[in-house]
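One letter stands for each residue in the lines below.
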Amino acid sequence: MSHTETHAFQTEVNQLLKLMIHALYSNKEIFLRELVSNASDALDKLRFEAVSNDALHEGEEQLEISVQFDKDARTLTLRDNGIGMTRDEVIANIGTIANSGTKKFLESLSGDQAKDSNLIGQFGVGFYSSFIVADEVVLETRRAGANPAEGTRWISKGEGEYTLETIEKADKGTTITLHLKADMDEFLDKYRLKNIISTYSDHINFPIKMEKTEWDAEAKADKPTGEMEQVNKATALWTQAKSELSDEDYKNFYQTLSHDFNEPLAYLHNKVEGTLEYTSLLYLPKKAPFDLYDRERRYGLKLYVKRVFIMDDAEHLMPAYLRFVRGVIDSADLPLNVSREILQSNKVVDKIRSASVKRVLDHLAKLAKDENPQEYLDFWKQFGNVLKEGVVEDFANKEKIAQLLRFASTHTGGAEQNVALADYVARMQPDQEAIYYIIADTHAAAKGSPHLEMFRKKGIEVLLLSDRIDEWLVSHLFEFEGKSLKSVNSADLKEFDAASEESLSEEDKQARQALTEKVKNALGDLVSEVRMTHRLIESPACVVTPEGEMSAHMARIMEQMGQAVPKQKPVLELNPEHQLVKKLDQLQDDAQCQEWSRFLFDQAQLAEGHILEEPGEFIRRMNRLLTAVM
Ligand code: ADP
């Protein structure tokens, strides 16, 4: 006796469903592409597992997908004889969103954003798209190799819950029956369906079959013949010559492969022959998925060996910083029973990977330089922060990646990251030695920092860095085209100090010395050193990181990550031309001197983006000083 259980969808599934139905309504036919793509994956998986266990074929060698409709029942049925799912797999794959990041992402959306149809581009489309056209979906499946009594029937109206039932299912694989909504008659038409299949699924590796019909002159209608015919080409797209393929073919294949609703930015299709023999078809997406920074995120490349699918998410085929690349690698040199472990230290894989990385980086360089710099900037907006990881991760390609970096800069002024290091170098002042940058928590904080005052006056460009990864980036990128990269808040800016020190009289020098000692005494252990500066024009004081120490910004990031960071003692630099510093110089009273020194130190810390340990004390002190001059 069969027993039906009712389960609730995860709340996120409901949310995602609503979002999808709303966003994809005008492209509703893509549900078919998604279901065919899932079926094709299931056939791929079966073929792969059957390499080591032939019994999984259950005597049925021909792997295929069929699409059938029933006008009277108003149903559309997709069937595959692939790997199928166990009951637990159905619950895990169809009733939940496996990725915990999805949950967080959906929670973070405000109501308005959640209505935004652009959002769907950040998710894979997938199985749930069936609910765009169906008001009830019945999925029946049985895992290949399992007992026929262990089939599972899943039914849902896409409204909060689904039922599960154990059924007898003689043949392995999955059958999905869509009960079409009232206004979806177009999907009960053979020509319409054939057309969708040839548009989106021609290059699926397996035959897709539909029932053959004959024209019945008497009834003036097509009559089913009971015979099946193949309606797609069923040649893996990447095996075909470039000249035989259109942009449209590549685009549709990308969407099938990636479940991405957007078009790709670019595709790179290469057949390599010689000592190594493989085909690679690499796609660069346009839009970043929401979980790009999720460490558990799947990689985008599928590995095939001689057209037999081996595995998804083949992370050894691309370094982490290019994890957004989607596509297929089909090798003729790897064994069919290759495992992830073998891939990890395999010469063939290493060679394919380094060639693929080169192709991607070269393409990006070409795009950025000649083909379409604006398009490259759009790409950078989506993936720039991931590409930056490459400077740290990929030593061999560091130079190439450095060419691809883009930054905000005082030259352009805006927050957009559009300045290449090469642009910067080309604009450097004749006697300028280094590439200068500033790092702060936000673009506004970087742009407004007192450290930039002298650079502005001298007309020297400074790169404005405010992404989290930037500290790591600059700690691995020491130079570019022979010019060193230097932080404007590092203590080591001697190139600007020397000239102005020389012009001072002996007397002035001594006076300055006395002032710095006075302030150092007043501040004691709060600072490692006090000195005069030439980097300030409008501000009275700033703090800098002593040479060789971790920058204050980096220390803050580490603290936020819960790491113990030794207490930093910054260098306090005073602007001798500033009225407040001149005033401080004249003070004789120790207590007063203490009050002013501390005030200048605290405001310098604030300008740096630090959080004061005792903000209340800072305000009381400022108010005391203000009332004293009223
Ligand atoms: P995606 O395909 O992007 O993973 P879907 O929501 O389309 O997301 O599918 C979720 C999962 O359900 C798939 O990853 C697969 O494990 C399983 N699945 C879907 N369709 C089938 C099918 N026809 N045969 C076997 N498993 C399937």
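Residues numbered from 1 in each chain as written. Predicted model: local features only at pLDDT ≥ 70, side-chain atom pairs only at ≥ 80, totals over all residues. Heavy atoms only, no water.

## Some points on the packing of helix H21 (residues 590–607) against helix H22 (residues 615–629)
Filter applied, for reference: For every element, the axis is a line fit to its C-alpha atoms; helices are fit only across the contacting stretch, and the angle between N-to-C directions ranges from 0 to 180 degrees. Helix numbers and strand numbers start at the N terminus; a helix is a DSSP run of H or I with at least 4 residues, a strand a run of E with at least 2. Each angle is binned into one of four classes, with values under 35 degrees roughly parallel, values over 145 roughly antiparallel, values of 65 to 115 roughly perpendicular, and all other values oblique. With the far helix as reference, a near helix turned anticlockwise by less than a right angle produces a left-handed crossing, and one turned clockwise produces a right-handed crossing. Contacts are residue-level and defined by heavy atoms, with any inter-residue pair within 4.5 Å sufficient. Amino acids are sorted into nonpolar (Ala, Val, Leu, Ile, Met, Phe, Trp, Tyr, Cys and Pro), charged (Asp, Glu, Lys and Arg) and polar (every other residue, Gly among them).
Between H21 and H22, the least distance of the axes is 10 Å, while the angle of their chain directions is 125°. With respect to H22, the element H21 is oriented oblique. For H21 against H22, the interelement crossing comes out left-handed. Side by side, H21 and H22 meet where Glu595, Trp596, Arg598, Phe599, Asp602, Gln603 and Leu606 of the first sit next to Phe618, Arg621, Met622, Arg624 and Leu625 of the second. Taken together, the residues that form the contact of H21 with H22 break down as six nonpolar, one polar and five charged.

## Structural notes on unusual backbone geometry
Unlike most non-glycine residues, arginine 74 shows phi in positive territory, near 55°. For arginine 74, the location among the structural elements is in the loop between strand E2 (65–70) and strand E3 (75–80). The phi dihedral of histidine 259 is positive, around 60°, even though this residue is not glycine. Residue placement: histidine 259 occurs in the loop between helix H8 (247–258) and strand E10 (264–272).

## What to know about the domain arrangement of the chain
The condition that has to hold: All the domain ranges listed were derived from an automatic or database domain assignment.
Domain boundaries assigned for the chain yield domain 1 (4–212), domain 2 (238–381), domain 3 (406–487) and domain 4 (503–546 + 561–629). The C-alpha centroid of domain 3 is placed 50 Å from the C-alpha centroid of domain 1.

## Concerning the environment of glutamate 214
Counting through the fold element by element, glutamate 214 comes out in strand E8 (residues 208–216). Spatially, the C-alpha atoms of glutamate 214 and serine 280 are 42 Å apart, while their sequence positions differ by 66 residues. Ignoring anything within four residues of it in the chain, the contact list for glutamate 214 reads Ala221, Asp222, Lys223 and Thr225.

## Description of the site of the ligand
Filter applied, for reference: The cutoff for a nearby residue is simple: one of its non-hydrogen atoms must lie within 4 Å of the molecule or strand. Polar contacts, as used here, are pairs of N or O atoms within 3.5 Å; protein pairs need one atom able to donate a hydrogen and one able to accept it. Residues neighboring in sequence count only if both atoms are side-chain atoms. Under the convention used here, a 1.4 Å probe and the Shrake-Rupley method define accessible areas, while residue burial counts only the protein chains that appear.
Close contacts around the ligand come from eleven residues, with Asn38, Asp80, Asn93, Gly126 and Phe127 the closest. For the ligand, an oxygen atom lies 2.7 Å from a polar atom in the backbone of phenylalanine 127. Contact between the ligand and threonine 174: a nitrogen atom at 3.3 Å from a side-chain N or O atom of the residue. When isolated, the ligand has an accessible area of 530 Å², and the protein chains bury 81% of it. Counting residues per element, the ones that place at least two in the shell around the ligand are helix H2 (30–52) and helix H3 (87–94). Tallied by class, residues from the shell around the ligand come to four nonpolar, five polar and two charged.

## Notes on the side chain of threonine 174
The topology assignment puts threonine 174 in strand E7 (residues 173–180). Among the polar contacts listed, one links the side chain of threonine 174 to the side chain of threonine 141, at a separation of 2.9 Å. Residue contacts for threonine 174: discarding those within four places in its chain leaves Leu78, Arg79, Asp80, Gly84, Leu139, Glu140, Thr141 and Lys169.

## Re helix H10 (residues 347–371)
How we decide: In a helix, the anticipated span is given by 1.5 Å times the number of residues less one. Burial classification: accessible surface area is computed with a 1.4 Å probe over protein chains only, and a residue below 20% of its type maximum counts as buried, one above 50% as exposed, and the rest as partly exposed.
Counted at 1.5 Å a residue, the expected span for H10 with its 25 residues is 36 Å, and the 34 Å between its end C-alpha atoms agrees. Listing the buried residues of H10 in full gives Val348, Val349, Ile352, Ser356, Val357, Arg359, Val360, Leu361, His363, Leu364, Leu367 and Ala368. Residues of H10 that are buried in the fold lie against E10, strand E11 (278–285), strand E14 (326–331), helix H9 (340–344), helix H11 (373–393) and helix H12 (398–404). The N-capping residue of H10, defined by a side-chain oxygen 2.8 Å from the backbone nitrogen of valine 348, is asparagine 346.

## Quick notes on the sheet that holds strand E19 (residues 483–487)
Test applied: At least two DSSP bridges between two strands are required for those strands to pair.
Reading across the sheet, the five strands line up as E15-E17-E16-E19-E18 and stay open at both edges, with mixed pairing between neighbours. If you trace the sheet from one side to the other, it starts and ends with strand E15 (408–409) and strand E18 (479–480), each paired once.

## Some details on the environment of arginine 598
Residue placement: arginine 598 occurs in helix H21. On the accessibility criterion, arginine 598 (24% relative accessible area) is partly exposed. Residues arginine 598 and methionine 622, spaced 24 residues apart in sequence, show a C-alpha to C-alpha distance of 10.0 Å. Excluding residues that lie within four positions of it along the chain, arginine 598 makes contacts with Leu523, Leu526 and Arg621.

## A closer look at the nonpolar core
General note: in soluble globular proteins, nonpolar side chains tend to be found buried as a group. How we decide: Nonpolar core, defined: a set of buried Ala, Val, Leu, Ile, Met, Phe, Trp, Tyr and Cys residues in which side-chain atoms within 4.5 Å join the residues together.
One finds Leu303, Phe324 and Leu387 to be the most contacted residues of the largest nonpolar core, which totals 76 residues. The element contributing the most residues to this core is H10, with nine residues. A domain split of this core shows at least three residues from each of domain 2 (238–381) and domain 3 (406–487).

## As for the pairing of strand E6 (residues 161–167)
Note: strand E1 (residues 4–8) against E6, five bridges, orientation antiparallel. Each residue of the ladder has a partner; that of threonine 4, found in E6, is glutamate 165. Two elements, strand E5 (residues 151–156) and E6, share six bridges in a ladder whose sense is antiparallel. In the sheet register, arginine 153 faces E6, and the bridge partner there is glutamate 165. Linkage of E5 to E6, two consecutive antiparallel strands, is achieved through a turn of four residues, within which glycine 158 is found at a positive phi near 70°.

## Details of the packing of aromatic side chains
Two numbers describe a pair of aromatic rings. These are the distance of the centres and the angle of the planes. Basically, it comes down to this: Working definition: a ring pair exists when centres of Phe, Tyr or Trp rings (six-membered ring for Trp) sit within 6.5 Å. Plane angles under 30 degrees give stacked, over 60 give edge-to-face, the rest tilted.
Throughout the structure, instances matching the rule amount to 17 aromatic pairs. Ring centres of phenylalanine 31 and phenylalanine 187 lie 5.1 Å apart, and the angle between their planes is 85°; this geometry places the pair in the edge-to-face category. Placement of phenylalanine 31 in helix H2 and of phenylalanine 187 in the loop between E7 and helix H7 (190–200) is noted, with a sequence separation of 156 residues between them. In this pair, the class of phenylalanine 31 matches that of phenylalanine 187, namely buried. Seen from their ring centres, phenylalanine 127 and tyrosine 128 are 5.9 Å apart, and the 65° between their planes marks the pair as edge-to-face. Exposure remark for phenylalanine 127: the relative accessible area of 8% places this residue in the buried category. Cluster of aromatic residues (ring-pair linked, three or more members): Phe127, Tyr128, Trp154 and Tyr162.

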